[in-house]
Amino acid sequence: MRCRHCFATFDDIAATDLPRGHLPRAASIRVVELLAERFRKITFAGGEPTLCPWLPELIEVAKERGAVTMLVTNGTRLKNEVLASLQGRLDWLTLSIDSVSEETHVALGRAVRGSAIPTTRYIEMTEQARALGMRIKVNTVVTALQADEDMSDLILALRPERWKVLRVLPIDGQNSGRVEPLLCTAEAFGAFVARHERVQARGVALVPEDHEDILGSYAMVDPAGRFFDDMDSVHHYGRPILDVGLDAAWDSVRFSLVRFQGRGGDYAF
């Protein structure tokens, strides 16, 4: 997919730091081993993480070392047999769904060769994942294209435990030049959140995140095996974890514990 609002394209480091796209298999596994020793939860995200051939191994390594595991995916490659292969390894399945309309997903770039995933397929994926013992989460980025939508019926059909709703975030060097027509106001974002508050009465934890909640509040690792932060609305990359060790690598980026706690990041896994 080529989501126009994606704030993790890594286009800024593709030529210089990622000549092969990401770390080799063995190095990726070692990074996950080190992270699992210190972090309680590891989320595999992208881009699209299912494009990584050894993703199941990474999830298994994290799980074996005691970390709670989460996968954030657009769902395109999440065939039934793929989900089944992750049983016992994957704790949380998070689907990125921004609209109830396939046409809007196509306009956002959340499509493959002009085709978006039907909502019925999203429902099938969540039902299978839940039957396999996985917990369900949905991520939605609110943009100018669908800020007026009501997604309540779809969310209630999916029945996620958590629904994270984020206001589209411009990050220099990642989505600049594409995201500008999609930006929505804080008022439009607030209205979207208010419109969907009723899902909470049905057991869905609605978790809104505006710009000040997002920036600097995530512990993130780039495809080159470095912590990075977005405190200033641009990616700042730290030192490679495998070169300097976890502590020195972590000390080379910024992280706001206050913002992390403020957005409810420390919840029961």
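I will try to describe carefully the structure that is included in this document. (Residues numbered from 1 in each chain as written. Predicted model: local features only at pLDDT ≥ 70, side-chain atom pairs only at ≥ 80, totals over all residues. Heavy atoms only, no water.)

1. Concerning the packing of aromatic side chains
Basically, it comes down to this: Stacked, edge-to-face and tilted labels apply to pairs of Phe, Tyr and Trp rings (six-membered ring for Trp) whose centres lie within 6.5 Å, assigned for plane angles under 30 degrees, over 60, and everything in between, in that order. Helical segments are the DSSP runs of H or I of at least four residues, strand segments are the runs of E of at least two, and each set is numbered from the N terminus. Each residue gets one of three labels from its accessible area relative to the maximum for its type: buried under 20%, exposed over 50%, partly exposed in between, using a 1.4 Å probe on protein chains only. Consider the ring centre and the ring normal. A charge sits over the ring if Lys NZ or Arg CZ is within 6 Å of that centre and within 35 degrees of that normal.
Tallying each qualifying case throughout the model produces nine aromatic pairs. Both rings, one in Phe 10 and one in Phe 228, keep their centres 5.6 Å apart while their planes meet at 85 degrees; by these two values the pair is edge-to-face. Here the residue Phe 10 occupies a position in the segment before α1 (25-38), and Phe 228 occupies one in strand β8 (residues 226-229), the gap between them amounting to 218 residues. For Phe 10, a relative accessible area of 9% puts it in the buried group. By relative accessible area, Phe 228 is classed as buried at 5%. Through a chain of ring-to-ring contacts, the aromatic side chains of Phe 39, Phe 227, Trp 250, Phe 255 and Phe 260 assemble into a single cluster. Between the NZ or CZ atom of Arg 162 and the centre of the ring of Tyr 267, over which it lies, the distance is 3.6 Å. Against the face of Tyr 218 rests Arg 263, its NZ or CZ located 3.6 Å from the ring centre.

2. Digging into helix α2 (residues 55-64)
For an α-helix, the turn length of 3.6 residues means that residues three or four places apart are oriented alike. This is how it is decided: In this context, the arc is that of the directions from the helix axis out to the C-beta atoms. By definition, residues are in contact when any of their heavy atoms lie within 4.5 Å.
Buried within α2 we find Leu 55, Leu 58, Ile 59, Val 61 and Ala 62. Buried residues in α2, looked at end-on, bunch into an arc of 160 degrees, giving them a common side. On its buried face, α2 sits against α1, β1 (41-44) and β2 (68-73). Among the residues trailing α2, Gly 66 stands out with phi positive, at a value near 95 degrees.

3. Observations concerning the side chain of Ser 217
The cut-off we apply is this: Distance and chemistry together define a polar contact, namely a pair of N or O atoms within 3.5 Å, with one atom able to donate a hydrogen and the other to accept it when in protein, and with adjacent residues in sequence counting only for side-chain atoms on both sides.
Relative to the helices and strands, Ser 217 is located in the loop between α8 (211-214) and β7 (220-221). Given a relative accessible area of 1%, Ser 217 falls into the buried group. Polar side-chain contacts of Ser 217 include one of 2.7 Å to the backbone oxygen of Asp 213. Sequence-distant contacts of Ser 217, defined by excluding residues within four places in its chain, comprise Phe 255, Ser 256, Arg 259, Phe 260 and Arg 263.

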